[in-house]
Amino acid sequence: MTEFTPPNPAFEALVRETVARQQVMSTLGAELTSVVPGATEIRFPFRQEMTQQHGFLHAGIVTAVVDTACGAAAFTLMPEHTGVLTIEYKVNFLAPAAGDYFVARGRVIKPGRNVMVCTGEVVAIQGERETTIAVMQTTMMVVRDRPNIVG
């Protein structure tokens, strides 16, 4: 994995605070478990009320969390007083979302001044078994000079 030097030394605290402000993450029971320059992990539980008609975790839930992991990974490499917004993503679902809990991993592939490209992966954990259930590629925008969009 590529090693990055974040332009903001307080990146970890800012990423944690930004993700904590996302009420959807707390609604889903998602917890930011790892923050390093260019990468994050978010753990979230299987909950019956978040399933689709076949009893699997709904794709929209999976996508929301891995999008947040990718955005948070990009935000680790952004300067102070900026914000992050997703401008595009593509996701492939590889297996049904069934497990005791899930881990979404976001990682920056290509940082840039205005946009960053990230990759994401979601794994289902069932006992000791880990299965990749989705992969995502995203483009994140670095938002500047918009006081209402910081973080």
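Predicted, not measured: the structure shown is a model, and the values here were computed from it.

Definitions and cut-offs
Residues numbered from 1 in each chain as written. Predicted model: local features only at pLDDT ≥ 70, side-chain atom pairs only at ≥ 80, totals over all residues. Heavy atoms only, no water. Buried < 20%, exposed > 50% of the residue type's maximum accessible area, 1.4 Å probe, protein only. Helix = DSSP H or I, 4+ residues; strand = E, 2+ residues; numbered from the N terminus. Pairing = 2+ DSSP bridges. Axes fitted to C-alpha atoms, helices over the stretch in contact; angles between N-to-C directions. Contact = heavy atoms within 4.5 Å. Polar contact = N/O pair within 3.5 Å; in protein donor to acceptor, adjacent residues only side chain to side chain. Parallel < 35°, antiparallel > 145°, perpendicular 65-115°, else oblique. Left-handed = near helix turned anticlockwise from the far one by under 90°. Nonpolar A, V, L, I, M, F, W, Y, C, P; charged D, E, K, R; others polar. Core = buried A, V, L, I, M, F, W, Y, C linked by side-chain atoms within 4.5 Å. Arc of directions from axis to C-beta. Salt bridge = Lys/Arg side-chain N within 4 Å of Asp/Glu carboxyl O.

Draft legend 1. Representation of unusual backbone geometry in the model. The phi torsion at His81 lies on the positive side, around 65 degrees, for a residue other than glycine. Residue His81 is classed as exposed on the basis of its relative accessible area of 65%. One non-glycine residue, Asp145, lies in the positive phi region at around 60 degrees. Secondary-structure assignment places Asp145 in the segment after strand 6 (129-143). We classify Asp145 as exposed; its relative accessible area is 76%.

Draft legend 2. Representation of the sheet that holds strand 6. In spatial order, the strands read 1-2-4-5-6-3; together these 6 strands make up an open sheet with antiparallel pairing. With partners counted over all chains shown, the strands left at the sheet margins are strand 1 (31-36) and strand 3 (83-93), one partner each. On average, each strand axis in the sheet is inclined to that of its neighbour by 20 degrees, with strand direction left out of account. Across 5 bridges, the pairing between strand 1 and strand 2 (residues 39-45) is antiparallel.

Draft legend 3. Main features of the environment of Lys90. By the secondary structure assignment, Lys90 is in strand 3. The spacing of Lys90 and Phe56 is 34 residues in sequence and 20 Å in space, taken between C-alpha atoms. Beyond its immediate chain neighbours, meaning those up to four positions away, Lys90 contacts Val135, Met136 and Gln137. A distance of 3.3 Å separates a polar atom in the side chain of Lys90 from a polar atom in the side chain of Asn92.

Draft legend 4. Structural context of the packing of helix 1 (residues 11-20) against helix 3 (residues 59-75). Following both chains from N to C, one finds helix 1 and helix 3 inclined at 150 degrees, their axes separated by 9 Å at the closest point. With respect to helix 3, the axis of helix 1 lies roughly antiparallel. Classified by chirality, the crossing of helix 3 by helix 1 is right-handed. Contacts from Leu14, Val15, Thr18 and Val19 in helix 1 reach Thr68, Ala72 and Phe75 in helix 3. Residues of the contact of helix 1 with helix 3, tallied by class, amount to 5 nonpolar, 2 polar and no charged.

Draft legend 5. The arrangement of the nonpolar core in detail. By size, the foremost hydrophobic cluster in this structure holds 39 residues, and its most contacted members are Phe44, Leu57, Ala74, Phe102, Val122 and Ile133. Breaking this core down by element, the ones donating at least two residues are helix 1, helix 2 (23-28), strand 1, strand 2, helix 3, strand 4 (101-110), strand 5 (115-126) and strand 6. The element that contributes the greatest number of residues to this core is helix 3, accounting for 10 residues.

Draft legend 6. Local environment of helix 1. Every buried residue of helix 1 is accounted for by Phe11, Val15, Thr18 and Val19. The arc that holds every buried residue of helix 1, seen down its axis, measures 95 degrees, which confines them to one face. Exposed residues pointing more than 90 degrees away from the buried face of helix 1 are listed as Ala13 and Ala20. Where helix 1 is buried, its residues meet helix 2, strand 1, strand 2 and helix 3.

Draft legend 7. Here's a closer look at the environment of Leu57. Here Leu57 is to be found in the loop between strand 2 and helix 3. Overall, Leu57 belongs to the buried group, its relative accessible area being 3%. Sequence separation between Leu57 and Phe102 is 45 residues, and the spatial gap between their C-alpha atoms is 9.8 Å.

Draft legend 8. Up close: the pattern of salt bridges. For the structure on display, the rule yields 6 salt bridges. Among the salt bridges present, the one from Glu12 reaches Arg16, with a minimum N-O distance of 3.1 Å. Taken as a pair, Glu12 and Arg16 lie in helix 1 at a separation of 4 residues, close to a single helical turn. Measuring nitrogen to oxygen at the nearest pair gives 3.4 Å for the salt bridge that ties Glu130 to Arg105. Highlighted residues: Glu130 in strand 6 and Arg105 in strand 4, separated in sequence by 25 residues. Taking the relative accessible area as the measure of exposure, Glu130 reaches 47% and is therefore partly exposed.

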